[in-house]
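One letter stands for each residue in the lines below.
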Amino acid sequence: MTDVDHVRPVPDGAPEGAPSGGDAARGDAAHLADLLRQAARGDEAAFAAFYDATSARAYGLALRVVRNPAHAEEVTQEAYLDAWRSSTRYDADRGSAAGWLLTIVHRKAVDRVRSVEAATARDETWNREAAPTDHDQTAETAHASLDAARVRGAVATLTDVQRQAVELTYFGGYTHTEVATLLDVPLGTAKTRIRDGLIRLRDLMGVAS
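A brief look at the structure comes next. Worth saying up front: this structure is predicted, and the values here are computed from it rather than measured.

What counts, and at which threshold
- Residues numbered from 1 in each chain as written.
- Predicted model: local features only at pLDDT ≥ 70, side-chain atom pairs only at ≥ 80, totals over all residues.
- Heavy atoms only, no water.
- Helix = DSSP H or I, 4+ residues; strand = E, 2+ residues; numbered from the N terminus.
- Buried < 20%, exposed > 50% of the residue type's maximum accessible area, 1.4 Å probe, protein only.
- Contact = heavy atoms within 4.5 Å.
- Axes fitted to C-alpha atoms, helices over the stretch in contact; angles between N-to-C directions.
- Parallel < 35°, antiparallel > 145°, perpendicular 65-115°, else oblique.
- Left-handed = near helix turned anticlockwise from the far one by under 90°.
- Nonpolar A, V, L, I, M, F, W, Y, C, P; charged D, E, K, R; others polar.
- Phe/Tyr/Trp six-rings, centres within 6.5 Å; stacked < 30°, edge-to-face > 60°.
- Salt bridge = Lys/Arg side-chain N within 4 Å of Asp/Glu carboxyl O.
- Expected span 1.5 Å × (residues − 1).
- Polar contact = N/O pair within 3.5 Å; in protein donor to acceptor, adjacent residues only side chain to side chain.
- Core = buried A, V, L, I, M, F, W, Y, C linked by side-chain atoms within 4.5 Å.
- Arc of directions from axis to C-beta.

All right, on to the overall build of the protein then. Regarding its fold elements, the protein presents 8 helices and 0 strands. Counting from the amino terminus, the protein carries its helices and strands in the arrangement α-α-α-α-α-α-α-α. Looking at the protein as a whole, 28% of its 209 residues qualify as buried. Within the protein, residue pairs in contact and separated by at least 24 positions form 62% of the contacts whose partners lie at least 6 positions apart.

On to the packing of helix 2 (residues 44-66) against helix 3 (residues 69-85), then. When two helices pack together, their arrangement is captured by the angle between the axes and the distance separating the axes. Helix 3 packs onto helix 2 with a crossing angle of 140° between their chain directions and a minimal axis gap of 8 Å. It follows from the interaxial angle that helix 2 and helix 3 lie oblique. Seen along the crossing, helix 2 lies across helix 3 with a hand that is right-handed. Residues Glu44, Phe47, Phe50, Tyr51, Thr54, Ser55, Ala58, Tyr59, Ala62, Leu63 and Val66 of helix 2 pack against Pro69, His71, Ala72, Glu73, Val75, Thr76, Gln77, Tyr80, Ala83 and Trp84 of helix 3. In terms of residue class, the contact of helix 2 with helix 3 is made up of 14 nonpolar, 5 polar and 2 charged.

To describe a pair of aromatic rings, one takes the distance between the centres and the angle between the planes. The full count for this structure, using the stated rule, is 5 aromatic pairs. Arranged with centres 5.1 Å apart and planes meeting at 70°, the rings of Phe47 and Trp84 form a pair that is edge-to-face. Here Phe47 is found in helix 2, whereas its partner Trp84 is found in helix 3, with 37 residues between them in sequence. A relative accessible area of 0% means that Phe47 is categorised as buried. Taken together through their ring pairs, the aromatic side chains of Phe47, Phe50, Tyr51, Tyr80 and Trp84 make up a single cluster.

What follows deals with the side chain of Gln162. Along the chain, Gln162 falls in helix 6 (residues 160-171). Given a relative accessible area of 16%, Gln162 falls into the buried group. Other than its neighbours up to four places away in sequence, Gln162 contacts Arg193, Asp196 and Gly197.

Turning our attention to the pattern of salt bridges. The tally for this structure, following the rule as stated, stands at 7 salt bridges. Of the charged contacts in the structure, one is a salt bridge between Arg57 and Asp28, with a shortest N-O distance of 4.0 Å. Separated by 29 residues along the polypeptide, Arg57 in helix 2 and Asp28 in helix 1 (residues 21-40) bring together distant segments of the chain. Arg57 sits in the partly exposed class, given a relative accessible area of 40%. The closest approach of N and O atoms between Lys108 and Asp82, which form a salt bridge, is 3.6 Å. On the criterion of sequence distance, the pair formed by Lys108 in helix 4 (residues 97-129) and Asp82 in helix 3 is long-range, its members being 26 residues apart. By relative accessible area, which is 21% here, Lys108 ends up partly exposed. What emerges from the salt-bridge pattern is a single network uniting Glu74, Glu78 and Arg112.

Here we take up helix 3. For helix 3, spanning 17 residues, the distance from its first C-alpha to its last is 24 Å, which sits close to the expected 24 Å at 1.5 Å a residue. Taken together, the buried positions of helix 3 are Ala72, Val75, Thr76, Ala79, Tyr80, Leu81, Asp82, Ala83 and Trp84. You can read the cap of helix 3 off the contacts: a side-chain oxygen lies 3.0 Å from the backbone nitrogen of Ala70, and it is on Asn68.

Leu36, Phe47, Phe50, Tyr80, Ala97, Leu101 and Val105 are the most contacted members of the largest nonpolar core, which has 28 residues in total. It is helix 2 that provides the largest number of residues to this core, a total of 9 residues. With residues near it in sequence (within four places) discarded, Ala97 still touches Leu32, Ala33, Leu36, Phe50 and Tyr90. The next biggest cluster of nonpolar side chains, apart from the first, holds 8 residues, and it includes Val179, Ala180, Ala190 and Ile194.

With that settled, consider helix 7 (residues 176-183). For helix 7, the full list of buried residues reads Val179, Ala180 and Leu183. On an axial view of helix 7, the arc spanned by its buried residues comes to 100°, and they lie on one face. A positive phi of about 60° marks Asp184, the residue just after helix 7.

The structure is reproduced here in structure tokens:
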């Protein structure tokens, strides 16, 4: 016999012919306890009957905790496998067989919720901290900051007229003609200042001509 031979799909509702009323409930509890005692002696048919009588309640509890039908089904099956393997430890003096089973279901459902939450947290941490695009962006930002610092340092060494022309052209976005107008100098003079400033920057920053 394998552990799963006696475990069938969870039924959609309570089993047909289930007893009702106070006396019937007490009889049902006694019957379930007897089935579990028989299962503890290896009676597969008894455990199958125990499963049929309790699986709707077990699944309902699992679903209320995990709030996911697929997870609830898995939790229920795991709980019954645990119940089969540990049925010899059931003590009727300490509670009903159904209560004993539902305790197992609840514990496994809580474990499943915690496991899913932990997995989600790990995935979010990995996506946030280990994604290659994030690292690329960080590197690009750092390099851009270093390059900008080098450029600012080099520009600061230019003459005033060269610095004005270069800053207006490359930082301000103005054309050569607009730079000449803003500085109130001939176009040729503006171009010369820009050219001389760029040559100076190239030398300072070690850029090959």
